Amino acid sequence: VLVAVDGLYLHHVNLRLRRTAQLAQQASEAKTQFLSSMSHDIRTPMNAVLGMMSIARHHVQDPEYVAQCLDKSVSAGKRLLTLINDILDISKIESGQFALTPSNVSVREIFSELTDMFAPQMRDKNLHFTSRAADLAHPVVLADAIRLNQIYMNLLSNAVKYTRPGGSIDLKLYEEAVPDDDTLTSLVFSVSDNGIGMTKEFQDQMYQSFSREISTQVNRIQGSGLGLAIVHQMVDLMGGTITCESVVEKGTVFTVRLKLPVVKQQVRSDGKSSGDAADVSGLHLLVAEDNELNWEIPA
């Protein structure tokens, strides 16, 4: 009996050791994948920044050409900064160090800024863009404005990336009542396109970090595969849901539902609502910077 018990114990120990070794192997492969993805995605815009700056230095006598080089450098720099911010966000979320900062948010204002921001990209790519925001019973909610905007921007950015010129993108925003709780509202954001779509196999793993579908069409489009991972993590942190319907060569529809606390607006004696921004005129702000090069950059 003791031998049998000892044998069973050793069997369980061996299973645990194999599982530990398997997890270590997976972690090693994930690290290799991370370094491979990042070395390429970071190097590409960095080379563009340095290359354009070098070209500009050799054409200082041609202001117009220098301005074009600087514009390209700024564009590549923004791409690099976005990538770095995405990496930091994923790292914070997965380490449990990420925290939301709720405040009063005007949903209409975020939606309006979002459509205004992407309208030029739509025109440049000859995309038919429609955006519809329903009359909201609760136009002000309690949420992290930056992260809410980040969710919407990532989804809309993907729609623009993966929709061919001449295609169409439809943006919708509306709310649904939360049964038996008038302190919450279900904010629904939907992005649909008739772009290249996704295979069923890729949809099963699309929320994993650095996941990108392998195809000749996708490979030509810049991206790190972090956008959907961040969106999914953010939606989870906010206690919401995200659904996707996609068919190859037909298009994709992403729908995000977030249950958010409503902010009851009260009209003050001066006619403004309690949700209006505070008057900060006359206040002074001290900004400190410990990097000498950054001193030369205007705020």
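Not measured: the values here are computed from a predicted model.

With that out of the way, let us pick up the confidence of the model for the chain. When pLDDT is averaged along the chain, the result is 80, and 78% of the positions lie at 70 or above. Here residues 214–221 scores under 50 on pLDDT; set against residues more than four positions off or in separate chains, the count is 12 contacts.

Now for the sheet that holds strand E2 (residues 128–133). With respect to topology, 5 strands assemble into an open sheet ordered E2-E4-E5-E7-E6, the strand pairing being mixed. Each of the sheet's edge strands pairs with one partner strand only, and the pair in question is E2 and strand E6 (241–247). Adjacent strand axes in the sheet meet at a mean angle of 10 degrees when their direction is disregarded. Where helix H4 (residues 145–161) meets the sheet, it contacts E2, strand E4 (168–177), strand E5 (184–193), E6 and strand E7 (251–261), and its direction lies at approximately 15 degrees from that of E5.

A word on the side chain of Gln150. With respect to the secondary-structure elements, Gln150 resides in helix H4. By relative accessible area, which is 14% here, Gln150 ends up buried. With near-sequence residues (within four places) excluded, Gln150 lies in contact with Asp86, Asp89, Ile230 and Met234.

To continue, consider the side chain of Thr185. Structurally, Thr185 can be placed in strand E5. For Thr185, the side chain forms a polar contact with the side chain of Glu175, separated by 2.4 Å. Thr185 has contacts with His138, Val141, Glu175, Glu176, Val178, Leu258, Lys259, Leu260 and Val262, leaving out every residue within four places of it along the chain.

Once that is clear, we can look at the pattern of salt bridges. Under the definition given, this model contains 3 salt bridges. Its salt-bridge partner being Glu249, residue Arg164 comes within 2.8 Å of it at the nearest N-O pair. Highlighted residues: Arg164 in the loop between H4 and E4 and Glu249 in the loop between E6 and E7, separated in sequence by 85 residues. Of the residues examined, Glu249 reaches a relative accessible area of 43% and is grouped as partly exposed. Arg257 serves as the salt-bridge partner of Glu176, at 3.2 Å between the closest nitrogen and oxygen. Taken together, the residues span a long stretch of sequence, with Glu176 in strand E4 and Arg257 in strand E7 at a distance of 81 residues.

Glancing now at the nonpolar core. Formed by 47 residues in total, the largest nonpolar core has its most connected members in Ile151, Tyr152, Leu155, Leu156, Ile169 and Phe189. The biggest single contributor to this core is H4, with 7 residues. Contacts of Tyr152, omitting those with residues within four sequence positions, involve Ile110, Leu114, Leu173, Leu187, Phe189 and Leu258.

Now for the pairing of E5. When you tally the buried positions in E5, you get 9 out of 10 residues, the bulk of the element. The pairing of E4 with E5 spans 9 bridges and is classified as antiparallel. Across the sheet, Tyr174 pairs through a bridge with Val188, a residue of E5. The hairpin formed by E4 and E5 contains 6 residues between the paired strands, and Asp180 there has a positive phi angle of roughly 65 degrees. In this sheet, E7 lies alongside E5 in antiparallel orientation, the contact comprising 10 bridges. Across the sheet, the residue bridging to Leu187 is Leu258, located in E7.

Below, the discussion takes up the packing of H4 against helix H7 (residues 227–237). It is the contact of H4 with H7, at a shortest axis distance of 9 Å, that shows an interaxial angle of 145 degrees. Crossing angle aside, the handedness with which H4 passes H7 is left-handed. Residues Arg147, Gln150, Ile151, Asn154, Leu155 and Asn158 of H4 pack against Gly227, Leu228, Ile230, Val231, Met234 and Val235 of H7. Class assignment of the residues belonging to the contact of H4 with H7 gives a composition of 7 nonpolar, 4 polar and 1 charged.

Moving on, we get to unusual backbone geometry. Phi is positive for Asn126, which is not a glycine, with a value near 60 degrees. Among the structural elements, Asn126 can be located in the loop between helix H3 (107–124) and E2. The exposed category is assigned to Asn126, whose relative accessible area is 55%. Backbone geometry places Glu249, a non-glycine residue, at a positive phi of 65 degrees.

Cut-offs and rules
- In this numbering scheme, every chain counts its residues from 1 along its sequence in written order.
- Per-residue local features are limited, in this predicted model, to residues with pLDDT of at least 70; the limit for side-chain atom pairs, both in listing and counting, is 80 or more; totals at the level of whole chains, interfaces and linings are taken over all residues.
- Computation of side-chain values covers all heavy atoms of the structure but excludes hydrogens and water.
- Residue-level confidence of the predictor is what pLDDT reports, using numbers from 0 through 100.
- We call two residues contacting when some pair of their heavy atoms lies within 4.5 Å.
- Note: two strands are recorded as paired if DSSP finds a minimum of 2 bridges between them.
- Runs of H or I in DSSP of at least four residues are treated as helices and runs of E of at least two as strands, each being numbered from the N terminus.
- Simply put, an axis is a line fit to the C-alpha atoms, just over the touching stretch for a helix, and the angle between two N-to-C directions goes from 0 to 180 degrees.
- Exposure categories follow from relative accessible area, calculated using a 1.4 Å probe and restricted to protein chains: below 20% of the type maximum is buried, above 50% is exposed, and the middle band is partly exposed.
- Distance and chemistry together define a polar contact, namely a pair of N or O atoms within 3.5 Å, with one atom able to donate a hydrogen and the other to accept it when in protein, and with adjacent residues in sequence counting only for side-chain atoms on both sides.
- When a carboxyl oxygen of Asp or Glu is within 4 Å of a side-chain nitrogen of Lys or Arg, the pair counts as a salt bridge.
- To qualify as a nonpolar core, a set must consist of buried Ala, Val, Leu, Ile, Met, Phe, Trp, Tyr and Cys residues joined through side-chain atoms within 4.5 Å.
- Each crossing is labelled by how the near helix is turned from the far one, with a counterclockwise turn of less than a right angle marking it left-handed and a clockwise turn marking it right-handed.
- Think of it as three bins: nonpolar holds Ala, Val, Leu, Ile, Met, Phe, Trp, Tyr, Cys and Pro, charged holds Asp, Glu, Lys and Arg, and polar takes everything else, Gly as well.

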